Amino acid sequence: EAGVTQFPSHSVIEKGQTVTLRCDPISGHDNLYWYRRVMGKEIKFLLHFVKESKQDESGMPNNRFLAERTGGTYSTLKVQPAELEDSGVYFCASSPKGQSSGNTIYFGEGSWLTVV
Amino acid sequence: AQSVSQHNHHVILSEAASLELGCNYSYGGTVNLFWYVQYPGQHLQLLLKYFSGDPLVKGIKGFEAEFIKSKFSFNLRKPSVQWSDTAEYFCAVRGAWGTDKLIFGTGTRLQVFP
């Protein structure tokens, strides 16, 4: 069974540019999450999709970040325009359908973003 | 606000030494507790989890953790580490706060030397 896959694995962009990160969850998983780890700090929750609906987006830093999950399959996270403080590792995760209590959350390898 | 504290940021051990990584959380309600591990170049993997029942939880690769409710702690232990345990370890908590989000600690980097 394929795991959670993320693309690109690494990205270096200039301040002011746009970057789009993609996440393919495990097939059949309704729950999809985005997390971010800024260098040296904790992994922080960004948002949670249930199928195509945003269940919780309380962790999104500001309106430069836009997450979508059209069709309830893969998800994209766009940063526009990117700022230096957006550098970090962006993790995607997924879990099976229904109430996630009791479900294990599976993580991808992360997308490393460096804004210069 | 809910938070998770991992007291050890960087731990260096020799093979066969015993390991204990501290984890404390701040939340008074029912919690699910997790330890994740990230080996170099790999994704975050679940090491073990506690939802209810026996507070001593056994995970993969010989790891275990003990939930002590009175201390709000969930420390990770391994009696004898191996070089292959070199990785970063993350404690996380999920509570009944209305969403599924995990609250992570800052991580502990473990280096094991042969």
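Residues numbered from 1 in each chain as written. Chains lettered and ligands numbered in written order. Predicted model: local features only at pLDDT ≥ 70, side-chain atom pairs only at ≥ 80, totals over all residues. Heavy atoms only, no water.

### Quick word on the overall build of chain A
(1) Moving on: Within chain A, the regular secondary structure consists of zero helices and eleven strands.
(2) Moving on: Listing the helices and strands of chain A from first to last along the sequence gives β-β-β-β-β-β-β-β-β-β-β.
(3) Moving on: What you see for chain A is a C-alpha radius of gyration of 13 Å, in line with the 13 Å of a compact globule of 116 residues.
(4) Moving on: If one aligns the C-alpha atoms of chain A with their principal axes, the spans along those axes are about 40 × 25 × 25 Å.
(5) Moving on: When each of the 116 residues of chain A is scored for burial, the buried share is 49%.
(6) Moving on: Counted over contacts in chain A with a minimum sequence separation of 6, partners at least 24 positions apart contribute 52%. (Helix = DSSP H or I, 4+ residues; strand = E, 2+ residues; numbered from the N terminus. Rg over C-alpha atoms; globule rule 2.2 N^0.38 Å. Buried < 20%, exposed > 50% of the residue type's maximum accessible area, 1.4 Å probe, protein only. Contact = heavy atoms within 4.5 Å.)

### Describing the sheet that holds strand β7 (residues 65-68) of chain A
Residue and element names in this part refer to chain A.
(1) Moving on: Judged by pairing direction, the sheet is antiparallel, and its four strands sit side by side in the order β1-β3-β8-β7 without closing on themselves. Bordering the open sheet on either side are β1 (5-7) and β7, each of which pairs with just one other strand. Strand-to-strand twist of the sheet, defined as the mean angle between neighbouring strand axes without regard to direction, takes the value 15°.
(2) Moving on: In this sheet, strand β8 (residues 75-79) lies alongside strand β3 (residues 19-24) in antiparallel orientation, the contact comprising five bridges. Note on β8: the bridge partner recorded for threonine 20 is lysine 78. (Pairing = 2+ DSSP bridges. Axes fitted to C-alpha atoms, helices over the stretch in contact; angles between N-to-C directions.)

### Quick notes on the interface of chain B and chain A
(1) Moving on: Listed per partner, the contact involves 20 residues of chain B and 22 residues of chain A.
(2) Moving on: Counting each side, the surface lost to burial between chain B and chain A is near 1700 Å², with a carbon and sulfur contribution of 52%.
(3) Moving on: There are one salt bridge connecting chain B and chain A.
(4) Moving on: Between arginine 37 of chain A and glutamate 88 of chain B there is a salt bridge, with the nearest N and O atoms lying 2.8 Å from each other.
(5) Moving on: The tally of links from chain B across to chain A stands at five residue pairs in polar contact (both at pLDDT 80 or more).
(6) Moving on: Looking at the side of chain B that touches chain A, the elements with two or more residues in it are β5 (31-38), β6 (44-50) and β10 (87-95) of chain B.
(7) Moving on: Taken together, the residues that form the side of chain B that touches chain A break down as seven nonpolar, eight polar and five charged. (Buried area = accessible area lost by both parts, 1.4 Å probe. Salt bridge = Lys/Arg side-chain N within 4 Å of Asp/Glu carboxyl O. Polar contact = N/O pair within 3.5 Å; in protein donor to acceptor, adjacent residues only side chain to side chain. Nonpolar A, V, L, I, M, F, W, Y, C, P; charged D, E, K, R; others polar.)

### What to know about the state of the cysteines
Residues and elements named next belong to chain A.
(1) Moving on: Counted according to the given criterion, the structure contains two disulfides over all chains.
(2) Moving on: Disulfide pairing places cysteine 23 opposite cysteine 92 at an S-S distance of 1.8 Å. The disulfide joining cysteine 23 to cysteine 92 has a torsion of about -65° about its S-S bond and is therefore left-handed. On the criterion of sequence distance, the pair formed by cysteine 23 in strand β3 and cysteine 92 in strand β9 (residues 88-95) is long-range, its members being 69 residues apart. (Disulfide = S-S within 2.5 Å.)

### Let's talk about unusual backbone geometry
Negative phi is the rule for most residues except glycine; trans is the rule for most peptide bonds.
(1) Moving on: Of note, the amide linkage connecting phenylalanine 7 of chain A to proline 8 of chain A takes the cis form, showing an omega dihedral of -5°.
(2) Moving on: Relative to the helices and strands, proline 8 of chain A resides in the loop between β1 and β2 (10-13).
(3) Moving on: In this structure, alanine 16 of chain B takes a positive phi of about 80° despite not being glycine.
(4) Moving on: Along the chain, alanine 16 of chain B falls in the loop between β2 (10-14) and β3 (19-21).
(5) Moving on: For phenylalanine 72 of chain B, which is not a glycine, the phi torsion comes out positive at approximately 50°.

### With respect to the environment of lysine 51 of chain A
All names here are of chain A.
(1) Moving on: Considering the arrangement of structural elements, one finds lysine 51 in the loop between β5 (43-50) and β6 (53-56).
(2) Moving on: Take lysine 51: its relative accessible area is 41%, and that puts it in the partly exposed class.
(3) Moving on: As a C-alpha pair, lysine 51 and tyrosine 74 span 23 residues in sequence and 9.5 Å in three-dimensional space.
(4) Moving on: In contact with lysine 51, other than residues within four places in its own chain, are Asp30, Arg69 and Gly72.

### Side note on the pattern of salt bridges
(1) Moving on: Per the stated rule, a full pass over the model turns up twelve salt bridges over all chains.
(2) Moving on: One salt-bridge network, in which partners are shared between bridges, spans Lys58, Glu64, Glu66 and Arg77 of chain B.

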